[in-house]
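Residue-level structural notes
Chain by chain, the residues run as shown.
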Amino acid sequence: MLLNRIICGALLLFLLLGCKKHSTEYAVPEVGPVVITGYSETQSLTDFSQFVKERAAAIIAKYNPGFDKQVKVVLYSSARALHEAQGQPDAPDWLVGQARSNGEIWMVYPYNSTLHSYEDMKKILLHEYTHIVIYSVNPFIPSWLNEGIAGYEADQHKTQGEIATLKAEAASKRLPNYLTIDDDLSTGIVYKYARSVVEYVQSTYALDGLKKLIQDPNVVEVFQISQSDFQEGWRTFIMEKY
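A short tour of the structure in this document, coming up. On a predicted model such as this, the values are computed, not experimentally measured, just so you know.

Regarding its fold elements, the protein presents 9 helices and 4 strands. Helices and strands appear in the protein in the N-to-C order α-β-α-β-α-β-β-α-α-α-α-α-α. When burial is assessed residue by residue, the protein has 40% of its 242 residues classed as buried. At a minimum sequence separation of 6, the contacts of the protein that also span at least 24 residues come to 69%. About 13400 Å² of surface is accessible on the protein, with carbon and sulfur atoms providing 54% of the total.

Encoded structure:
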């Protein structure tokens, strides 16, 4: 009888210790910054979401450390399918992603764009994710500032050809007014200029200045400078430092 009790006790202790060890070996899976839903094919999208995951923490820390939402990404089979879902059937084919007011991102399946490579589509996802984070700070931020921040964080719209064009326009004083570059979003003109505006702000007023401008997109109030002086400062920045 005593022997049986000893054996039972030893067995119970083994089970308890074994369960305790088992529970500490497996951590709760980390919730990623995005969850991919919607249309799918056979290709793996692991590195598509991983591209954002590797960069999301830095973007959140920079602009809104309190942001903790997992963003739903809804994929569509083609640009036409996306545009019809958006209620914009005549939208241009280059428009393959959109940060929605409900906090979701709608995008074309990253292998199915007729104009953008898969690598481009990963940057577009990061671009739209940046929009969601910025909207959490100011949902009414103007596109000339919002698109500039997203283009900067996703490292878009700064090829050698684009830089040369900006420099030529700056030198000949043909840059448009920064406040009007988003007047017609269907043309895509805003993407040509917006990143350089944001880089000018960061270069001149640092990240703190940019964050203040996100909250109150008025250069006169935030930087105590006239709009014409801001415009001239942007032009000079492009010629001298871009």
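Before going further, it helps to spend a moment on the layout of surface pockets. Over the atoms, a rolling probe the size of a water molecule traces out where space has been left empty. The volume enclosed by the largest pocket comes to roughly 830 Å³. What lines the largest pocket is a set of 32 residues, among which Trp94, His127, Glu128, Glu147 and Tyr191 lie closest to the centre. Looking at the lining of the largest pocket, the elements that each hand over two or more residues are β3 (97–99), α4 (118–135), α5 (143–153) and α7 (189–215). Ranked by residues supplied to the lining of the largest pocket, first place goes to α4 with 7 residues.

Here we take up the pairing of strand β2 (residues 71–76). With 5 of 6 residues buried, β2 lies mostly within the body of the structure. The handedness of the strand β1 (residues 34–38) to β2 crossover, carried by helix α2 (residues 46–63), is left-handed. Examined bridge by bridge, β2 and strand β4 (residues 105–108) share 4 bridges and lie parallel to one another. Along β4, the bridge assignment pairs Leu75 with Met107.

Below, the discussion takes up the packing of α4 against α5. At their nearest, the axes of α4 and α5 sit 8 Å apart, and the two run at 130° to each other. With respect to α5, the element α4 is oriented oblique. As for the relative orientation of α4 and α5, their crossing is right-handed in sense. Across the interface between the two elements, Leu126, His127, Thr130, His131, Ile134 and Tyr135 of α4 pack against Asn146, Glu147, Ile149, Ala150, Gly151 and Glu153 of α5. Tallied by class, the residues present in the contact of α4 with α5 amount to 5 nonpolar, 5 polar and 2 charged.

Let's shift gears to the packing of aromatic side chains. Using the criterion set out here, one finds 16 aromatic pairs in the structure. Measuring from ring centre to ring centre gives 5.4 Å for Tyr39 and Tyr109, while their planes differ by 85°; the resulting arrangement is edge-to-face. Taken as a pair, Tyr39 in the loop between β1 and α2 and Tyr109 in the loop between β4 and α4 lie far apart in primary sequence, 70 residues in all. Given the relative accessible area of 32%, Tyr39 is considered partly exposed. With 6.4 Å between their ring centres and 75° between their planes, Tyr200 and Tyr205 make a pair best called edge-to-face. The ring of Phe51 has Arg55 lying over it, and the distance from NZ or CZ to the ring centre is 3.7 Å.

Rules used in this analysis
- Residues numbered from 1 in each chain as written.
- Predicted model: local features only at pLDDT ≥ 70, side-chain atom pairs only at ≥ 80, totals over all residues.
- Heavy atoms only, no water.
- Helix = DSSP H or I, 4+ residues; strand = E, 2+ residues; numbered from the N terminus.
- Buried < 20%, exposed > 50% of the residue type's maximum accessible area, 1.4 Å probe, protein only.
- Contact = heavy atoms within 4.5 Å.
- Areas by Shrake-Rupley, 256 points an atom, 1.4 Å probe, with all protein chains shown as cover.
- 1 Å grid on protein atoms, 1.4 Å probe; cavity = no way out; pocket = protein on both sides within 12 Å on 5 of 7 lines; lining within 4 Å.
- Points joined across faces, edges and corners; volume = space filled by probe spheres on them.
- Right-handed = clockwise from strand over helix to strand, strands pointing away.
- Pairing = 2+ DSSP bridges.
- Axes fitted to C-alpha atoms, helices over the stretch in contact; angles between N-to-C directions.
- Parallel < 35°, antiparallel > 145°, perpendicular 65-115°, else oblique.
- Left-handed = near helix turned anticlockwise from the far one by under 90°.
- Nonpolar A, V, L, I, M, F, W, Y, C, P; charged D, E, K, R; others polar.
- Phe/Tyr/Trp six-rings, centres within 6.5 Å; stacked < 30°, edge-to-face > 60°.
- Lys NZ or Arg CZ within 6 Å of the ring centre and 35° of its normal.

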